[in-house]
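# Commentary on secondary and tertiary structure
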Amino acid sequence: MTVAKRPLGNSTIEVSEIGLGAWQFTDEGWGGPDENESARIVDEALALGVTFIDTAPGYAGGKSEAALGRALEGRRDQVVLCTKFGYWADEPANYSAGRIEESLTKSLARLRTDYVDVLLVHSPPFELMDGTTQPHYRELQRLKDAGMIRAYGVSGQADTSEEIRRIVETTGSQAIEIRFNALYQEPAQAFEAAAAAGVGLIVKVPLESGWLSGKYTADSRFEEGPRSRWTPEQIAERAALVDEFAALLPAGVSTTHGALRHILAQPQVSTVIPGTKSVQQLRENVAAHEGTLLPDTLAAIRKLGEGRPSLTW
Ligand SMILES: NC(=O)c1ccc[n+]([C@@H]2O[C@H](COP(=O)([O-])OP(=O)(O)OC[C@H]3O[C@@H](n4cnc5c(N)ncnc54)[C@H](OP(=O)(O)O)[C@@H]3O)[C@@H](O)[C@H]2O)c1
């Protein structure tokens, strides 16, 4: 059974409802896959019907985009590629609107293509998420009119419903990438507003950075990479929440599948993009589409999220 497709909001783009997060590709901090394993993940993703792939210039200093470019040589047309602007491969973050085309041109070279499907402003400060005062969205529209991109939008920073509403109301975006999962549900308050405006939702961090796979405990420690920022207290908080989450699932449903099915049950979501370090993780994540959760389970998960807007990322 191949992965189902969903529209990316009102854009003309269709995406597989389970996509592939490629932040981990060749990234040492994540202990990510090397270039050969990354290529095998891409091969398997395409074979399973995964067509949406998310990357960024800042991932592994441009090497995630470059690995994808090599892996997709000759079959670019089989995927929907999403990359970003703001964090650069080889210099500090810079969000100058006048440099969007320069950043995109470098991404195109690394990705070995002449267009990207979706270009997102990469976790900008809140004040940049305002199309009434910032020139970025006119520039993105110009690049869209020129055929260099097919859609544009923003990837959240604090990932709140307030950010979604502001992006929807002021930027003319066609897509928003947002953190949302069973342990962090606050952004769902604005999902209807995004859907009503025809803005597609791409859900990042669906496993709460690996926690919802169920393999970590209160004693887990992360020496390197993005997860090393958590204090022991934050780790203990996550471990307790994952235990609560696991108890809500029917027998035989893994926490990974429960987490991804909960996200796919939100009709406003276009695609969910688990970050993937191996072919085995990819297969397990993709298999989530073979089942659904019952309304009672979804209601119980919603309750778990209530009153928890501030689980720090
Ligand atoms: N600002 C932004 O725009 C932004 C921010 C964050 C993420 N993203 C995008 O969203 C994607 C997903 O977010 P994320 O990677 O941060 O978080 P995530 O998808 O919640 O977690 C990914 C991690 O979970 C573990 N994992 C994945 N599948 C698994 C499986 N089946 N079984 C066990 N463990 C599994 C892997 O790490 P371990 O095996 O080491 O546990 C993997 O690195 C990223 O790849 C990136 O493309 C964008």
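All figures in this text were calculated on a predicted structure; none of them were measured in a lab.

## Comments concerning the packing of helix α3 (residues 100-111) against helix α4 (residues 136-145)
Where α3 contacts α4, the axes come no closer than 10 Å and their chain directions differ by 45 degrees. When the axes of α3 and α4 are compared, the pair comes out oblique. Judged by residue contacts, Ile 100, Glu 101 and Leu 104 of α3 engage His 136, Glu 139, Leu 140, Arg 142 and Leu 143 from α4. A breakdown of the residues in the contact of α3 with α4 according to their chemical character gives 4 nonpolar, 1 polar and 3 charged.

## Quick notes on the side chain of Thr 297
Tracing the backbone through its elements, the reader meets Thr 297 in helix α10 (residues 295-305). Look past the residues within four positions of Thr 297 in its chain and what remains in contact with it is Leu 248, Leu 249 and Pro 250.

## Re the site of the ligand
Close contacts around the ligand come from 32 residues, with Asp 54, Ser 155, Lys 215, Tyr 216 and Arg 227 the closest. One of the side-chain N or O atoms of Asp 54 is found 2.6 Å from an oxygen atom in the ligand. With respect to the ligand, the side chain of Asn 285 contributes an N or O atom lying 2.9 Å from a nitrogen atom. With the chains in place, 95% of the 890 Å² that the ligand exposes on its own is no longer accessible. Considering every element that reaches the shell around the ligand, the biggest residue donor is helix α9 (residues 279-286), with 3 residues. The residue inventory of the shell around the ligand, partitioned by class, reads 11 nonpolar, 12 polar and 9 charged.

## What to know about the environment of Ser 220
Here Ser 220 lies in the loop between β9 (200-204) and α7 (232-248). A relative accessible area of 13% means that Ser 220 is categorised as buried. Taking the C-alpha atoms as reference points, Ser 220 and Leu 140, separated by 80 residues in sequence, lie 42 Å from one another. Side-chain polar atoms of Ser 220 contact the backbone nitrogen of Thr 217, separated by 2.8 Å.

## Re the pattern of salt bridges
In the structure shown here, the tally under the stated rule is 20 salt bridges. The salt bridge partner of Arg 150 is Asp 117, with a shortest N-O separation of 2.7 Å. One end of the pair, Arg 150, is in strand β7 (residues 149-155); the other, Asp 117, is in strand β6 (residues 116-122), and 33 residues separate them in sequence. Judged by its relative accessible area of 33%, Arg 150 is partly exposed. Note that Glu 208 is salt-bridged to Arg 179, the shortest N-O span being 3.1 Å. Placement of the pair is Glu 208 in the loop between β9 and α7 and Arg 179 in strand β8 (residues 175-179), with a sequence separation of 29 residues. The class for Glu 208 is buried, based on a relative accessible area of 0%. The network of salt bridges with shared partners includes Glu 91, Arg 99, Glu 102 and Lys 106.

## A closer look at the sheet that holds strand β3 (residues 20-21)
With respect to topology, 8 strands assemble into an open sheet ordered β3-β4-β5-β6-β7-β8-β9-β10, the strand pairing being parallel. Two strands bound the open sheet, and with one partner strand each, they are β3 and β10 (269-272). Bridging between strand β5 (residues 80-85) and β6 involves 4 bridges; their strand directions are parallel. What sits directly across from Cys 82, in β6, is Val 118.

## Re the UniProt feature "domain: NADP-dependent oxidoreductase" (unreviewed entry) in the protein
According to UniProt, the positions carrying the feature "domain: NADP-dependent oxidoreductase" (unreviewed entry) are residues 17-304. For residues 17-304, the helix share is 37%, the strand share is 14%, and the end-to-end C-alpha distance is 24 Å.

## A few points about the pairing of β6
In summary, the side chains of a regular strand alternate between the two faces of the sheet. Of all 7 residues that make up β6, 7 are buried, and the element is covered over most of its length. Note: β6 against β7, 6 bridges, orientation parallel. Of the residues in β7, the one forming a bridge with Val 121 is Val 154.

## Here's the deal with the packing of aromatic side chains
Counting across every chain of the model gives 11 aromatic pairs. Where Trp 211 meets Tyr 216, the ring centres are 5.7 Å apart and the plane angle is 65 degrees; that geometry is what we call edge-to-face. Taking the relative accessible area as the measure of exposure, Trp 211 reaches 0% and is therefore buried. Ring centres 6.2 Å apart and planes at 55 degrees place the aromatic pair Trp 211 and Trp 230 in the tilted group. Linking Trp 211 in the loop between β9 and α7 with Trp 230 in the loop between β9 and α7, this pair joins segments that are 19 residues apart in sequence. Here Trp 211 and Trp 230 have matching classes, each one buried. One aromatic cluster is present, built from ring pairs that chain together Phe 85, Tyr 87, Trp 88 and Tyr 95. Note that Arg 76 overlies the ring of Tyr 115, its terminal NZ or CZ placed 4.0 Å from the centroid. For the cation-ring pair, Arg 99 lies above Trp 88, with the distance from its terminal atom to the ring centre recorded as 4.2 Å.

Rules used in this analysis
Residues numbered from 1 in each chain as written. Predicted model: local features only at pLDDT ≥ 70, side-chain atom pairs only at ≥ 80, totals over all residues. Heavy atoms only, no water. Axes fitted to C-alpha atoms, helices over the stretch in contact; angles between N-to-C directions. Helix = DSSP H or I, 4+ residues; strand = E, 2+ residues; numbered from the N terminus. Parallel < 35°, antiparallel > 145°, perpendicular 65-115°, else oblique. Contact = heavy atoms within 4.5 Å. Nonpolar A, V, L, I, M, F, W, Y, C, P; charged D, E, K, R; others polar. Near = heavy atom within 4 Å. Polar contact = N/O pair within 3.5 Å; in protein donor to acceptor, adjacent residues only side chain to side chain. Areas by Shrake-Rupley, 256 points an atom, 1.4 Å probe, with all protein chains shown as cover. Buried < 20%, exposed > 50% of the residue type's maximum accessible area, 1.4 Å probe, protein only. Salt bridge = Lys/Arg side-chain N within 4 Å of Asp/Glu carboxyl O. Pairing = 2+ DSSP bridges. UniProt positions renumbered as here; feature names shortened; annotations may be inferred. Phe/Tyr/Trp six-rings, centres within 6.5 Å; stacked < 30°, edge-to-face > 60°. Lys NZ or Arg CZ within 6 Å of the ring centre and 35° of its normal.

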